[in-house]
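Residues per chain, in single letters:
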Amino acid sequence: MSSKFPPRRFRAALCLVASLALSACSTATPASTAASTPPVPATPALILATTTSTQDSGLLDELVPAFQKATGYVVKTVAVGTGQALTMGQQGNADVLLVHAPSSEKTFMDGGFGVDRLLVAHNYFLIVGPSSDPAGIGSAKTANEAFAKIAAAKATFVSRGDGSGTETKELAIWKANSITPKGQAWYIQSGQGMGATLQIASEKQGYTITDNATFIANGSKLQLTSLVQGDPSLLNIYHVISVNPTKWPKVNSVGAKAFADYVTSSTGQDLIGGFGKAKYGQALFVADAGKNEADLK
Amino acid sequence: MDDLVQITLLSLSVSGLATAISLLIGLPLGTMLALSVFRTRGLVLSVVNTGMALPPVVAGLVIALMLWRSGPLGGLNLIYTPTAIVVAEAVIATPVVLGLSAAGIGQLDPRLQVQLQGLGASRYQTVWWLWREARLSLLAALMAGFGSVISEVGAAMMVGGNISGQTRVLTTAIVLDVSRGDFGTAIELGGILLALAFMVNGVLTWAQQSGRRG
């Protein structure tokens, strides 16, 4: 054995560990997408808490980089579902929210946790399922009727089960029918986002409720078809809410306002309204900023 | 869409730094634990070994609770940064390196330490020679520590947020691709991760086996 001290190979191992550690110092800084043209804001980091539908449909992949480029903010997008996003807002752990559960949002605003709740866009929920349609909901004229048929047929139904805006809508429909699906053998709760839930429904050939944007974006990979749509109760409305800086002084309220202004500006609205046309042949969202909510259909 | 090279380098550097930290903390403490004799030693060893079974997502949750703005360390603004992932992964890897180092040193013939001291070795020289003697186990401890963090996803997701271009590492990117149904990309990323781990462990194993020829 070599009398050199320490052994050559041992030193090589130490060099490897050291170089890995040093490389962390250079690559551990975030790859900044802030452009050099707009002035870099005083507090560039902005935490956006949003739904999984805006991420799984791919909208955020276009909207956020455009916003970052235009304003110089570095957005930390945390797509967790409306329920968790609202909780993060209540705890001051996010600066701005992009959510779609009007009843929960109202409770949030009533609690004084948010300022400036602005209408952004809307699309529609769909009730999707296997093309064989064992519960025969294809003939249902309303969402309530469809759910009643699913319960009556004890057909597999996959729920989000994660406190999201989609789940809020789903539970409202069950409630309207005075049905309690929880605990029943045919009712599955995935606890995951919209994309994952659609996959489960597809694999189990069951029914689920989804927003049309995520369904269209993922449709080619799924064995599900849209069975019930167009019911006015299936309207899916998105709002942007800035977290109240009076309750949480550490919140980046300037950045939150910049984001809210951007998504409701004509640039942002054009982007949202045009999203999906090139890739899927149809718009996935309808841009609504400034409109009267009661006029939406 | 995501820059594959950037994600791979970020994974490597974050896990590499976390492993280095765990080595700096775990190896000396593990050696002390193996060589000292004190009454609660058995209890301490049990706690350390339980730490090896600590679920990464729980470690991530605890650190997130501290780093969130609503938490005690919120003012540091570390949430959703690569630094937060390094901290969480160091917490996960340290018990592994500590416990396995203690086992590796504890396994040495106790007469070796006596002999070294009899030959006039200082405390540091004794420790160095003991480390040389136990290098098979110590390098295994290092590989185990690295393995435990390069492949974990729960903590990286919780404290990092899987943000594109900032905190998306190989494991969290795989989870995202799976949830979107991009299984092909997910498997590719998995392949890259395994190749990475193979390369790092290849070098460490080569270093470990150097003594075997003699």
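Residues numbered from 1 in each chain as written. Chains lettered and ligands numbered in written order. Predicted model: local features only at pLDDT ≥ 70, side-chain atom pairs only at ≥ 80, totals over all residues.

A. The arrangement of the overall build of chain B in detail. Helix and strand counts for chain B come out as ten helices and zero strands. When its helices and strands are written in sequence order, chain B yields α-α-α-α-α-α-α-α-α-α. With the C-alpha coordinates of chain B rotated into their principal frame, the extents come out at 65 × 45 × 25 Å. Out of the 214 residues in chain B, the part that is buried amounts to 46%. Taking the intrachain contacts of chain B between residues at least 6 apart in sequence as the baseline, contacts between residues at least 24 apart amount to 76%. (Helix = DSSP H or I, 4+ residues; strand = E, 2+ residues; numbered from the N terminus. Buried ≥ 20, exposed ≤ 12 C-beta atoms within 10 Å, placed from the backbone. Contact = placed C-beta atoms within 7 Å.)

B. Looking closely at the overall build of chain A. Counting its regular elements, chain A contains twelve helices and ten strands. Considering chain A as a whole, with its 297 residues, one finds that 47% of them fall into the buried category. For chain A, the proportion of contacts with a sequence separation of at least 24, taken over those separated by at least 6, is 75%.

C. View of the nonpolar core. One finds A:Leu48, A:Ala94, A:Val96, A:Leu97, A:Ile127, B:Ala88 and B:Val159 to be the most contacted residues of the largest nonpolar core, which totals 132 residues. Three or more residues apiece are contributed to this core by two domains, here domain 1 (45–122 + 237–295) and domain 2 (124–234) of chain A. In this view, B:Ala88 contacts B:Ala59, B:Gly60, B:Ile63, B:Ala155 and B:Val159; residues no more than four positions away in its chain are not counted. (Core = buried A, V, L, I, M, F, W, Y, C linked by C-beta atoms within 7 Å. Domains from an automatic or database assignment.)

D. Region of the structure containing the confidence of the model for chain A. Summary statistics for chain A give a mean pLDDT of 87 and a share of 87% for residues scoring 70 or more. Long-range and interchain partners of residues 27–36 of chain A, a stretch whose pLDDT sits below 50, account for 27 contacts in this model, where long-range means more than four residues apart. (pLDDT = per-residue confidence, 0-100.)

E. Molecular detail of unusual backbone geometry. For A:Ser178, which is not glycine, the phi dihedral falls at a positive 55 degrees. Looking at the element boundaries, A:Ser178 is found in the loop between helix H7 (165–176) and strand E6 (187–189). Given 7 C-beta atoms within a 10 Å radius, A:Ser178 is considered exposed. Of note in the backbone geometry, B:Tyr80 takes a positive phi value of approximately 65 degrees without being a glycine. You can see B:Tyr80 is positioned in the loop between helix H3 (56–67) and helix H4 (82–106). On the basis of neighbour count, B:Tyr80 is assigned to the buried category, with 25 C-beta atoms found within 10 Å.

F. Structural detail: the packing of helix H2 (residues 41–51) of chain B against H4(B). Residue and element names in this part refer to chain B. At a minimum axis separation of 8 Å, H2 and H4 run at an interaxial angle of 135 degrees. With respect to each other, H2 and H4 are oriented oblique. The two elements H2 and H4 cross, and the hand of that crossing is left-handed. Only Pro-95, Leu-98, Gly-99 and Ala-102 of H4 make contact with H2, whose side of the interface consists of Leu-45, Val-48, Asn-49 and Gly-51. (Axes fitted to C-alpha atoms, helices over the stretch in contact; angles between N-to-C directions. Parallel < 35°, antiparallel > 145°, perpendicular 65-115°, else oblique. Left-handed = near helix turned anticlockwise from the far one by under 90°.)

G. Quick look at the domain arrangement of chain A. All names here are of chain A. Domain boundaries assigned for chain A yield domain 1 (45–122 + 237–295) and domain 2 (124–234). Distance between the C-alpha centres of domain 1 and domain 2: 25 Å. At the junction of the two partners, domain 1 supplies 21 residues and domain 2 supplies 16 residues. When residues of the side of domain 1 that touches domain 2 are traced back to their parent elements, those giving at least two are helix H2 (52–56), helix H4 (82–90) and helix H5 (102–110). Residue classes in the side of domain 1 that touches domain 2 are distributed as six nonpolar, 14 polar and one charged. (Nonpolar A, V, L, I, M, F, W, Y, C, P; charged D, E, K, R; others polar.)

H. Quick peek at helix H6 (residues 143–153) of chain A. Residue and element names in this part refer to chain A. For H6, the set of buried residues is Ala-143, Ala-146, Phe-147, Ala-148, Lys-149 and Ile-150. The inward-facing, buried residues of H6 abut strand E4 (114–129), strand E5 (157–159), H7 and strand E8 (225–228). With its phi angle positive at about 50 degrees, Lys-154 sits one or two positions after the end of H6.

I. Structural detail: the pairing of E4(A). Residues and elements named next belong to chain A. Pairing of E4 with strand E9 (residues 235–243) involves nine bridges; the strand directions are antiparallel. Looking at E9, one finds that Arg-117 is bridged to Ile-241. Here E4 pairs with strand E7 (residues 208–211) via four bridges, running antiparallel. Its bridge partner being in E7, Leu-126 is matched across the sheet by Thr-210. (Pairing = 2+ DSSP bridges.)

J. Local environment of the pairing of E9(A). Residue and element names in this part refer to chain A. Judged by how many residues are buried, E9 sits mostly within the fold: seven of nine residues are covered. Summarising the sheet, strand E3 (residues 96–99) and E9 pair through four bridges and their orientation is antiparallel. Its bridge partner being in E9, Leu-98 is matched across the sheet by Val-240.

K. Region of the structure containing the confidence of the model for chain B. Per-residue pLDDT for chain B averages 91, and the proportion of residues at 70 or more is 97%. Taken over the whole predicted complex, pTM reads 0.84, whereas the ipTM for its chain interfaces reads 0.78.

L. Broad picture of H3(B). Residues and elements named next belong to chain B. In a regular helix each residue adds 1.5 Å, so twelve residues correspond to 16 Å; H3 covers 16 Å between its end C-alpha atoms and thus fits that length. Among all positions of H3, only Pro-56, Ala-59, Gly-60, Ile-63, Ala-64 and Leu-67 are buried. Relative to the axis of H3, the buried residues are bounded by an arc of 135 degrees and lie together on one face. Against H4 and helix H8 (154–160) lie the buried residues of H3. (Expected span 1.5 Å × (residues − 1). Arc of directions from axis to C-beta.)

M. Inspection of the environment of B:Asp3 at higher detail. As for its placement among the helices and strands, B:Asp3 is situated in the segment before helix H1 (4–35). Each C-alpha atom, one on B:Asp3 and one on B:Ser164, is 9.0 Å from the other, the two residues being 161 residues apart in sequence.

N. Structural view of the packing of H1(B) against H4(B). Residues and elements named next belong to chain B. At a minimum axis distance of 6 Å, the contact between H1 and H4 shows a crossing angle of 35 degrees. When you trace H1 past H4, the crossing you get is right-handed. Among the residues forming the contact of H1 with H4, the class breakdown is 21 nonpolar, ten polar and one charged.

O. Fine view of the environment of B:Gly30. Residue and element names in this part refer to chain B. Turning to its location among the elements, Gly-30 is positioned in helix H1. Between the C-alpha atom of Gly-30 and that of Ala-102, which follows or precedes it by 72 residues, the distance is 4.3 Å. If near-sequence neighbours (up to four positions away) are discounted, Gly-30 is found in contact with Val-97, Leu-98, Gly-99, Ser-101, Ala-102 and Ile-105.

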